[in-house]
Amino acid sequence: MAITSEPRAASDSSGVDPDGADRPDVPGIVARVRATYDSGRTRPMEWRLEQLDGLVRMLTREEERFTAALATDLGKPSIEGYLADVKATINEIKDVRKHAPKWAKPRKVSLPMASKPAKGSVRPEPLGVALVIAPWNYPIQLLLNPMAAAVAAGNAVVAKPSELAPATSAALAELLPRYVDPEAIVVVEGDASVSTDLLAQRYDHIFFTGSTRVGQIVMEAAARHLTPVTLELGGKSPALVDDSADIEVTGRRLAWGKWLNAGQTCVAPDYVLVTERHRDALVESMRAAFAEFSGGDTRGTPDYSRIVTQRHATRLEGLLADHGGAVAIGGEADPETRYVEPTVVIDPELDSGLMSEEIFGPILPVITVDSMDAAVDFVNDRDKPLALYVFGEDDEVVESLVERTTAGGTCVNHVILHLTPSTLPFGGVGASGMGRYHGQSGFDAFSNLRAVMKKPSNPDAKLAYPPYTSMKERILRRLA
């Protein structure tokens with residue numbers, strides 16, 4: 001069961017000798033982290049808060065190092081790297097740090113009459129050692145956010161950055177031990193085979209962000225040890241544009257969703273469903289937005305990211321070469337420089353790669369539908385998406401579209417932004433993933449929510465004990 005690199009796959013960073021000379025001792029690393037956890041070091045709330053403070057200090061002090069690494073790996077503009085990877089992560093960790101002491105306390109629950117006299121509570125306990133495998137597209141946020149949740153819940157962590165973001169991975173591996181407990185929070189670098197070695201070990205929780213295909217491999221490996229998993233996967237996230245939508249604003253926001261990180265975002269809109277009445281106007285709105293974003297020179301602007309590797313750019317070039325639709329905007333791809341132009345394709349063939357694969361790039365198919373009823377059917381005939389977007393000014397129609405579809409998360413009249421608030425659980429459903437994190441959802445994901453009932457020794461009514469007389473049975477039936 002080997003993991004191979006692919007878009008958002010569970011692979012790792014640079015610095016590993018291909019012959020294995022510098023291959024990390026994965027079993028030894030995991031054993032040492034487990035020994036640290038077993039010592040009880042990670043359980044006190046004071047230790048947990050110290051680690052969270054350390055993560056915030058690292059991100060604050062090393063901001064320039066991280067944004068430079070993101071620029072190297074993905075061509076990210078400095079402000080985009082700061083906002084999407086550094087600042088978003090700082091905000092999440094600060095929120096977790098603020099509330100972790102409360103979340104960790106026993107939660108009182110009411111008990112039914114049949115259980116009384118008694119007291120009930122739910123006690124969050126750390127699970128143990130967590131493995132966090134991060135992708136390359138947001139390599140800081142998607143490693144440190146789940147790490148923070150695991151640490152806040154009192155766990156030790158083995159963290160695996162992506163090989164496809166080598167500069168960021170190297171920065172994390174170098175800097176993290178300076179700011180957090182290096183015996184309880186360990187970064188393991190290596191190629192995809194190291195991911196396979198990591199998955200062969202026993203953990204108490206595995207958190208994976210990546211592709212659906214690799215998610216299946218992770219889940220299969222976890223099943224060997226009956227290890228619970230959180231899988232943050234992907235898929236094709238649709239955008240439904242109702243006739244009541246503000247078309248100019250809708251086009252601009254859809255264009256931004258594909259411009260951000262050159263479309264390499266798990267919740268980027270993957271295709272648009274719109275009626276013929278507004279299709280052309282929507283496309284023109286996106287054209288205007290792309291022109292505004294680029295200043296008329298998309299290739300030359302410093303505000304547009306690059307595709308992570310030449311191989312991934314070549315894959316996108318292939319999707320553009322065979323789709324059967326009409327290219328309305330863009331269409332240029334230069335794998336050698338990892339450049340793919342923001343592109344809109346109208347009505348590609350539904351069995352083409354554009355409509356059967358997660359695009360994970362700056363290409364947006366626009367599908368013409370007869371009505372929003374047809375759009376709902378189109379969405380529901382496919383795998384449940386990680387995100388679903390609805391654009392419209394008619395509240396009743398918008399609510400109907402949300403009610404009649406299913407997705408891991410939904411944003412109305414915008415894209416992507418629903419994953420930023422700590423108070424909104426983030427995760428997928430079906431093929432787009434399982435489990436939730438952010439805020440308390442992340443804390444609970446890495447916790448054993450232990451049920452505890454306390455009963456006094458007296459009274460000790462013999463009513464519930466055999467022998468069961470007819471009178472006892474009548475009373476028990478009424479109390480049950």
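Everything numeric here is computed off the predicted structure, so don't read it as measured data.

A. The pairing of strand 3 (residues 129–133), seen in detail. Buried residues dominate strand 3, accounting for 5 of its 5 residues. Where burial is concerned, the two faces of strand 3 agree: the one with Val-129, Leu-131 and Ile-133 and the one with Ala-130 and Val-132 are both buried. Read from strand 3 through helix 5 (residues 141–152) to strand 4 (residues 156–160), the crossover connection turns out right-handed. As judged from the 4 bridges shared by strand 3 and strand 6 (residues 205–209), these two strands associate in the parallel manner. By the bridge assignment, Val-132 is partnered in strand 6 with Phe-207.

B. Here's a closer look at the packing of helix 3 (residues 63–74) against helix 6 (residues 166–179). Look at helix 3 against helix 6: their axes get within 7 Å of each other, and the N-to-C directions meet at 150 degrees. By the angle between their directions, the pair helix 3 and helix 6 is classed as roughly antiparallel. On the side of helix 3, the interface is formed by Arg-65, Phe-66, Ala-69, Leu-70, Thr-72 and Asp-73, while helix 6 contributes Pro-166, Ala-167, Thr-168, Ala-170, Ala-171, Leu-172, Glu-174 and Leu-175. Here the residues of the contact of helix 3 with helix 6 are counted per class, giving 9 nonpolar, 2 polar and 3 charged.

C. Representation of the packing of helix 2 (residues 45–61) against helix 5 within the structure. Contact pair helix 2 / helix 5: the axes reach a minimum separation of 9 Å and the direction vectors enclose 160 degrees. Taken together, helix 2 and helix 5 sit at an angle that is classed as roughly antiparallel. Read as a crossing pair, helix 2 and helix 5 show a hand that is left-handed. Contacts from Met-45, Trp-47, Arg-48, Gln-51, Leu-52, Leu-55, Met-58 and Leu-59 in helix 2 reach Leu-144, Met-147, Ala-148, Val-151 and Ala-152 in helix 5. Looking at the contact of helix 2 with helix 5, its residues break down into 11 nonpolar, 1 polar and 1 charged.

About the thresholds
Residues numbered from 1 in each chain as written. Predicted model: local features only at pLDDT ≥ 70, side-chain atom pairs only at ≥ 80, totals over all residues. Heavy atoms only, no water. Buried < 20%, exposed > 50% of the residue type's maximum accessible area, 1.4 Å probe, protein only. Helix = DSSP H or I, 4+ residues; strand = E, 2+ residues; numbered from the N terminus. Right-handed = clockwise from strand over helix to strand, strands pointing away. Pairing = 2+ DSSP bridges. Axes fitted to C-alpha atoms, helices over the stretch in contact; angles between N-to-C directions. Parallel < 35°, antiparallel > 145°, perpendicular 65-115°, else oblique. Contact = heavy atoms within 4.5 Å. Nonpolar A, V, L, I, M, F, W, Y, C, P; charged D, E, K, R; others polar. Left-handed = near helix turned anticlockwise from the far one by under 90°.

By themselves, these are just geometric observations and shouldn't be taken as functional.
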